[in-house]
Amino acid sequence: MPPSITFTADSWENLKTLSEQAYPFEGCGLLLGPFASEKQVLRIVTLRNMLKEEGRGRFDFSFSPKEFMEAQLAAEKQQLDVVGIFHTHPDHPPRPSPTDASQPMLAGWINLIASVHGGKFKEAKAWWRDDEQKPFVETALIVPLA
Ligand SMILES: [Zn+2]
């Protein structure tokens, strides 16, 4: 069974806000929570989508492994673990794209994809794959009731 992921009311609101702020580009970042087998999101840190600097980033994203590691170390100092990676799909459904499938860094993490339509958060889904050879499978995303 792939792991499920749970948001708090605050972290869920934050996810929506950050997703909308990234529009019309793809936003990306890390989902942080306690060190535990249950993956719970307490905080979110955004990472730079480096493709924006190359005039891309509308339908793809890439972050710097160095920035990823620095964010992970900063989180550990606050007793927080990386419980997942998120990125957004502007005007596209929250399904892994062929570009996502070709990213080995996305394996072994819960991948949350947030769909933003016309600048407004629409929906999100969580995906998992054990390694880069396997297809993504949808996993449970537990969000507080509005
Ligand atoms: Zn994607």
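Residues numbered from 1 in each chain as written. Predicted model: local features only at pLDDT ≥ 70, side-chain atom pairs only at ≥ 80, totals over all residues. Heavy atoms only, no water.

Caption draft 1: Spatial organisation of the coordination of the zinc ion. Protein-derived ligands of the zinc ion are His-87 (NE2), His-89 (NE2), Asp-100 (OD) and Asp-100 (OD), with the metal-ligand distances lying across 2.0 to 2.6 Å. Around the zinc ion, the four donor atoms are arranged such that angles at the metal cover 56 to 162°; this shape is classified as irregular. Binding-site remark: the zinc ion is held by donors from one chain whose sequence spacing is H-x1-H-x10-D. Highlighted residues: His-89 in strand E5 (residues 81-90) and Asp-100 in helix H3 (residues 98-101), separated in sequence by eleven residues. (Donors = N, O, S within 2.8 Å, 3.2 Å for Na, K, Ca; no water. Tetrahedral: all angles 85-135°; square planar, octahedral: opposite > 155°, others 65-115°. Helix = DSSP H or I, 4+ residues; strand = E, 2+ residues; numbered from the N terminus.)

Caption draft 2: View of the layout of surface pockets. Size it by volume and the largest pocket reaches roughly 190 Å³. Together, 14 residues line the largest pocket, and Ala-22, Glu-26, Gly-27, Leu-47 and Lys-52 are the ones closest to its centre. Of all the elements in the fold, those that place two or more residues in the lining of the largest pocket are helix H1 (9-22) and strand E4 (43-47). Counting residues per element, the lining of the largest pocket draws most heavily on H1, at three residues. (1 Å grid on protein atoms, 1.4 Å probe; cavity = no way out; pocket = protein on both sides within 12 Å on 5 of 7 lines; lining within 4 Å. Points joined across faces, edges and corners; volume = space filled by probe spheres on them.)

Caption draft 3: Expanded view of the sheet that holds E5. With respect to topology, six strands assemble into an open sheet ordered E4-E2-E5-E6-E7-E8, the strand pairing being mixed. Two strands in the sheet have a free side with no partner beyond their single neighbour: E4 and strand E8 (137-139). Each strand axis lies, on average, 35° off the axis of its neighbour in the sheet, ignoring direction. Of the strand pairs in this sheet, strand E6 (residues 111-117) and strand E7 (residues 120-128) are connected by seven bridges, and their pairing is antiparallel. (Pairing = 2+ DSSP bridges. Axes fitted to C-alpha atoms, helices over the stretch in contact; angles between N-to-C directions.)

Functional significance is not addressed by these values, which are geometric in nature.
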